[in-house]
Amino acid sequence: MRVLVTGGAGFIGSAVCRRIIEATPHHLLVFDKLTYAGNLDSLAPVANDPRYSFRRADICDRGAVAAAMQEFQPDIVMHLAAESHVDRSIDGPAAFIHTNVVGTFTMLDAALEYWRGLDSERAAAFRFLHISTDEVFGALGATGLFREDTPYSPNSPYSASKAGSDHLARAWRETYGLPTIVTNCSNNYGPYHFPEKLIPLMILNALDGRPLPVYGRGENVRDWLYVDDHAAALLLVATRGAVGETYNIGGRSEMRNIDVVTTICDILDEIHPRAAGPYRQLISYVTDRPGHDLRYAIDCSKIERELGWRASETFETGIRKTVRWYLDNEDWWQAIRSGKYRGERLGQFTAP
Ligand code: NAD
């Protein structure tokens, strides 16, 4: 099969791409604009494989999207490209509306034209998988879980833009028959995570002996999923999921933010102790984010029951692997800190 992955140079997209090349016989085209969040270093483990190709382009560019589809002839489109950082969406929502809403519309519009041109056998097998977040459901109180039929109630510009894109994917199925599937996933963590996000930020600040900033009192609860488990789930949904369906994906690992941070501190104390004392001393509470959702928790029993997927990592095993990965891969994150990952790599493109 031939798989086109948008956002394949990002955190989750690169995990999907590494899995495609390492664990399947599929051919891959990565379609990515390489914003600050896109990093070709994350694709380095698979970039020399003859089944891998890369195209630098914008999902809002209808001509570029259409050309990539015509030339590559995908059987599956996995759409992950997005602006993804909630704090950035509060400071500058315009880019989120443009990429997440207009970009997803452009992807669906171009995919529809491409799909209509396929012969009946290939058209019947074609899938457009739209990857989204559980944040579209809003916030939970102390109890309850997000299910696939939970009403949407997004609270941040990021989650509102993702909610809009989910509705578009659904509408293109209902209105035009395009074989779309939507997934909504909880917080991911793991290797190659951009250092602005909670877990890598805490690991790298701790290694530098800098404060570990925790919003409010750290009481916000998130469900955490190891990124490779998410990548496995997405490939399963893309190949075996039912058209027109939505699947929730989660790790069954609910944690308060403060417990995430203290767990990282305790692992570092064990495997990388510092002379100045326990890492927990670096924790510093900062003013809470506006509209900060208290709790997200996801019911992922549908994908477990219908597709036989299950997360293989618990938070305890996954976070240990993650901390170890950041200790062992300083070159990767130092290149981001120095800006080298953008400066030197932009010339490396291959045609599909
Ligand atoms: P990321 O920010 O790490 O990567 C996004 C990628 O998209 C980058 O490679 C970037 O260059 C690319 N991109 C951005 N704008 C683009 C554009 N206009 N055209 C082409 N490429 C563009 O994001 P991520 O954390 O890997 O998330 C991937 C997807 O999964 C997103 O759709 C996100 O909403 C969703 N998601 C993320 C999480 C999470 O915990 N990170 C959880 C659930 C769902």
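Residues numbered from 1 in each chain as written. Predicted model: local features only at pLDDT ≥ 70, side-chain atom pairs only at ≥ 80, totals over all residues.

Quick look at the packing of helix 1 (residues 11-23) against helix 8 (residues 227-240) now. Contact geometry of helix 1 with helix 8 gives a least axis separation of 9 Å together with a crossing angle of 65 degrees. Remark: the crossing between helix 1 and helix 8 carries right-handed chirality. In this structure, helix 1 uses F11, I12, A15, V16 and R19 to contact helix 8, whose residues at the interface are V227, D228, H230, A231, A232, L234 and L235. (Axes fitted to C-alpha atoms, helices over the stretch in contact; angles between N-to-C directions. Helix = DSSP H or I, 4+ residues; strand = E, 2+ residues; numbered from the N terminus. Left-handed = near helix turned anticlockwise from the far one by under 90°. Contact = placed C-beta atoms within 7 Å.)

Moving on, we get to the nonpolar core. For soluble globular proteins, nonpolar side chains are generally found buried alongside one another. Ranked by internal contacts, the top residues of the largest apolar core, which has 93 residues, are V5, M78, A111, L129, L234 and I264. The biggest single contributor to this core is helix 8, with eight residues. (Core = buried A, V, L, I, M, F, W, Y, C linked by C-beta atoms within 7 Å. Buried ≥ 20, exposed ≤ 12 C-beta atoms within 10 Å, placed from the backbone.)

What follows concerns the UniProt feature "domain: NAD(P)-binding" (unreviewed entry) in the chain. UniProt's entry tags residues 4-322 with the feature "domain: NAD(P)-binding" (unreviewed entry), counted in the numbering of this structure. Secondary structure over residues 4-322 splits into 42% helix and 17% strand, and the C-alpha atoms at its two ends are 27 Å apart. (UniProt positions renumbered as here; feature names shortened; annotations may be inferred.)

Within the span of helix 2 (residues 62-72), buried status applies to V65, A68, M69 and F72. Take helix 2 and look down its axis: the buried residues cluster within an arc of 95 degrees, on one side only. Those residues of helix 2 that are exposed and angled more than 90 degrees off the buried face are G63, Q70 and E71. Trailing helix 2 by a residue or two, Q73 shows a phi angle of about 55 degrees, which is positive. (Arc of directions from axis to C-beta.)

What surrounds the ligand is a group of 31 residues, the closest being G7, G10, A37, G38 and A82. Considered class by class, the residues forming the shell around the ligand number 13 nonpolar, 13 polar and five charged. (Near = placed C-beta within 6 Å. Nonpolar A, V, L, I, M, F, W, Y, C, P; charged D, E, K, R; others polar.)

In this section: the environment of P157. Positionally, P157 belongs in helix 6 (residues 157-176). Overall, P157 belongs to the buried group, with 22 C-beta atoms counted inside 10 Å. Once the C-alpha coordinates of P157 and R222 are considered, the two residues, 65 residues apart in sequence, prove to be 19 Å apart. Not counting residues within four places of it along the chain, the set of residues in contact with P157 comprises S89, I90, P93 and F96.

A few words now on the environment of V243. Within the secondary structure layout, V243 lies in the loop between helix 8 and strand 10 (246-249). Looking at V243, the number of C-beta atoms within 10 Å reads 14, which means it is partly exposed. The spatial distance from the C-alpha of V243 to the C-alpha of E270 is 47 Å, given a sequence separation of 27 residues. If near-sequence neighbours (up to four positions away) are discounted, V243 is found in contact with P179 and I181.

Attention shifts here to unusual backbone geometry. With phi around 55 degrees, Q73 is a residue other than glycine that occupies positive phi space. Position of Q73 among the secondary structure elements: in the loop between helix 2 and strand 4 (76-79). Among the residues examined, Q73 registers 15 C-beta atoms within 10 Å and is labelled partly exposed. Its identity is not glycine, yet R252 carries a phi of approximately 50 degrees, on the positive side.

Pairing is mixed in the open sheet, where three strands are placed in the order 7-9-11. Edge strands, defined here as strands with exactly one partner in the open sheet, are strand 7 (187-189) and strand 11 (254-256). Strand-to-strand, the axes of this sheet are offset by a mean angle of 50 degrees, without reference to chain direction. Of the strand pairs in this sheet, strand 9 (residues 221-226) and strand 11 are connected by three bridges, and their pairing is antiparallel. Paired with D223 across the two strands is E254, which belongs to strand 11. (Pairing = 2+ DSSP bridges.)

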